Amino acid sequence: MRKFKTESKKLLDLMINSIYTNREIFLRELISNASDAVDKLYFRSLTDPEVAVACDDLAITVSFDAEARTVTVSDNGIGMTKDEMDKNLGTIAHSDSYEFKAAQAAAAADGELGDEKGLNDLTDVDIIGQFGVGFYSAFMVGKKVRVISRAVGTDEAWAWESDGVEGYDMVIAERAEHGTDVIVYLKDDTDEESFGTFASEHGLMQLIKRYSNYVRYPIKMEVTRTRKVEAPEAAEGEEAPVPQWESYTEVETINSMIPIWKRKKSEVSQEEYDEFYKTDFHDFEDPARTISVHAEGSLNYDALMFVPSRAPWDMYSKDYKRGLALYSANVLIMDKCEELLPDYFGFVRGVVDSSDLTLNISRETLQHNGQLRAIARRLEKKIKADLANMRDDDRTAYEKFFEQFGRTLKFGIYQSYGMAKDTLADLLLFYSAKQQKMITLDEYLADAPAGADSIFYAAGDSLEHLAAMPLVTTVLAKGYDVLLCDQDVDEFCMMAMGTYGEHAVDGDEANKQPYFIKNVGAEDLGLTTDEEKKEAEEATESNAELFAVMREALGEKVERVVVSARLTDAPAVVTSEGGVSLAMVQVLKSQPGAEDLPDLHLVLEMNAKHPVFEALRAAHEGGDDEKVRAYAGILFDQALLVEGIMPDNPLAFAQAVSELMK
């Protein structure tokens, strides 16, 4: 027995038990090695006139023997001589494929390949191997591995065999043509692992389609099929024979070979894209958008992304995993690479394929993610641009998209503390109380009165309720629009944005300021004139004793009672100080940790021109402060109800109204 040419026992144990996390990738590694061997033969045929290759005959074959518990991967590639087998298989972490790539790159740099026969193009050939350890992944599932290989141009074949412990044996063997067979003798099954499942038709086909579906050469396998047996027609008066079926086997190509994402968009129909999406991503609806990217330059990659028509049922659960499938040289590396998508575009499905990525030794994760970040930034811009085109060119489709995924975009702004607003803000839609349709922030500003410096919104639980709120109708009466926000994330999103766009101050284009985003119920909107403010302040001062009684009756529920400078029809309204609206407080109260929320500073604003206010004044001036206190409680609870908030004591409110009706 020959010893491995390293500190074999430690290193081989590391290869088998530590580098890879998933046993089933052994087939991916063996098929990738076979693909490299065929690539090398094809390259040799272009540089060596003595080597003739029929491209249509190049293939990889996968077979199994359930009784013998073996899995075999065969190719008709370049093969190996005895010395090459000893070097490539006997020296752990030696990569002949890596040496091949380096040699071709050096030759191309020196101009040795020339332009004839398209040899320069071959320097970009997707040789998959890099580290020389993929072969040893076979020992994760195999108790013994036997390799039979015959190099092209020779008549001699050799067999290499090892149990993956300390060494290997090499003996002369027989093989009809050049190429290599890797035979894995599966380990015995245990209570924890069923290795025998790999020696099955279904198991192997599933692994090929998952990991190696887009290897450039056909992966062939003998599969079992059934067909109907033609029976003779029944004679007159006889019963028709029962249909008979028989099983048969035939060799089929299991993989698709050419990835759809590497084909030019002009060469692929939308029906093909739709079918690929529904098949690979298990959706029953066509995608809403298809985004194809072919990037060449400092970083080469292909990407095919889809915007689903509807959100998956678990999208807002903690178990939902975002990310794009990551391929390198057509071989699957990760099912979902989270680094390729920001959270707010986590609904996008698709694949990215790049041979430029620096993978770690197991090819299951990345060595470093600088390249990945560069790809992610470009994909983010591409997704944003496509959604913007959808918004502008097909508004009906965009509104359907936004109904499904708008919450995700809004949450992206809130979650990033407003950092993502430059990317996402112009994609948002809100319902316009004035235009009575969904509009963008830019469309809001385009319809705003001259000199407007703010964007107004109201947050609550329903559009119908918001549209009827006193503060909303007041703003509308002054000619301004109000965005009605009925999702729990809306106000958090608006507060995270804070501002949007720019406007010239007093028509001076050199002096621009952003539009401030204001909640109609949480702050001074700046819509009242100085005269209206002065009038309200004077009315508040002249009714200080009345308001003191009302404030005493309401206790800690309010900070102040004042005359409003903005109410028109309603008798009273409850507002908050500090930029936190009543609607937001209700959302926060429903969250874990609500008991730690800071106290809310509420203000009861009275409409001094409303008949109810006159009734209050009359009661106070007549010395009936008991009635004033009762009215104060009713007005406060009534104002809360108008905001969509249940009073602390609904029974007491109902009793007070009953007493009033008497």
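Definitions and limits used
Residues numbered from 1 in each chain as written. Predicted model: local features only at pLDDT ≥ 70, side-chain atom pairs only at ≥ 80, totals over all residues. Heavy atoms only, no water. Buried < 20%, exposed > 50% of the residue type's maximum accessible area, 1.4 Å probe, protein only. Helix = DSSP H or I, 4+ residues; strand = E, 2+ residues; numbered from the N terminus. Pairing = 2+ DSSP bridges. Salt bridge = Lys/Arg side-chain N within 4 Å of Asp/Glu carboxyl O. Core = buried A, V, L, I, M, F, W, Y, C linked by side-chain atoms within 4.5 Å. Contact = heavy atoms within 4.5 Å.

Enquirer: What am I meant to see in the pairing of strand 5 (residues 157–162) here?
Expert: Along any regular strand the residues' side chains alternate between the sheet's two faces. A large share of strand 5 lies buried, amounting to five of its six residues. Pairing analysis gives six bridges linking strand 4 (residues 142–150) to strand 5, with the strands arranged antiparallel. The residue bridging valine 147 from the neighbouring strand is tryptophan 160, located in strand 5. Counting the residues in the hairpin turn of strand 4 and strand 5 gives six residues, including glycine 153, whose phi is positive at 85°. Connecting strand 5 to the antiparallel partner strand 6 (residues 167–173) that follows it, the hairpin turn spans four residues, and glycine 164 within it adopts a positive phi of roughly 75°.

Enquirer: What should I look at first to understand the pattern of salt bridges in this one?
Expert: Should the charged atoms of two oppositely charged side chains come close, the side chains can pair. One pass over the structure, following the stated rule, counts 31 salt bridges. Between glutamate 161 and lysine 144 there is a salt bridge, and its shortest N-O distance comes to 3.8 Å. Placement of the pair is glutamate 161 in strand 5 and lysine 144 in strand 4, with a sequence separation of 17 residues. Residue classification places glutamate 161 among the partly exposed positions, given a relative accessible area of 25%. Measuring nitrogen to oxygen at the nearest pair gives 2.9 Å for the salt bridge that ties aspartate 286 to lysine 278. Residue classification places aspartate 286 among the partly exposed residues on the basis of a relative accessible area of 36%. Residue classification places lysine 278 among the partly exposed residues on the basis of a relative accessible area of 25%.

Enquirer: Help me understand the nonpolar core, please; the structure alone is not making it clear to me.
Expert: For soluble globular proteins, the rule of thumb is that nonpolar side chains tend to be buried together. Ranked by internal contacts, the top residues of the largest apolar core, which has 79 residues, are Phe345, Phe347, Leu379, Leu387, Phe401 and Leu409. The greatest single-element share of this core, amounting to eight residues, is contributed by helix 8 (residues 370–393). Once you skip the residues sitting within four places of it in the chain, phenylalanine 345 turns out to touch Glu380, Ile383, Lys384, Leu387, Leu409, Thr423 and Leu424.

Enquirer: How should I be thinking about the environment of alanine 504 in this particular structure?
Expert: With respect to the helices and strands, the residue alanine 504 is situated in strand 19 (residues 499–505). The exposure class assigned to alanine 504 is partly exposed, which follows from its relative accessible area of 22%. Along the sequence, alanine 504 and aspartate 453 sit 51 residues apart, while their C-alpha atoms lie 9.2 Å from each other. When residues no more than four places from it in sequence are discounted, the contact partners of alanine 504 are Glu509, Asn511 and Lys512.

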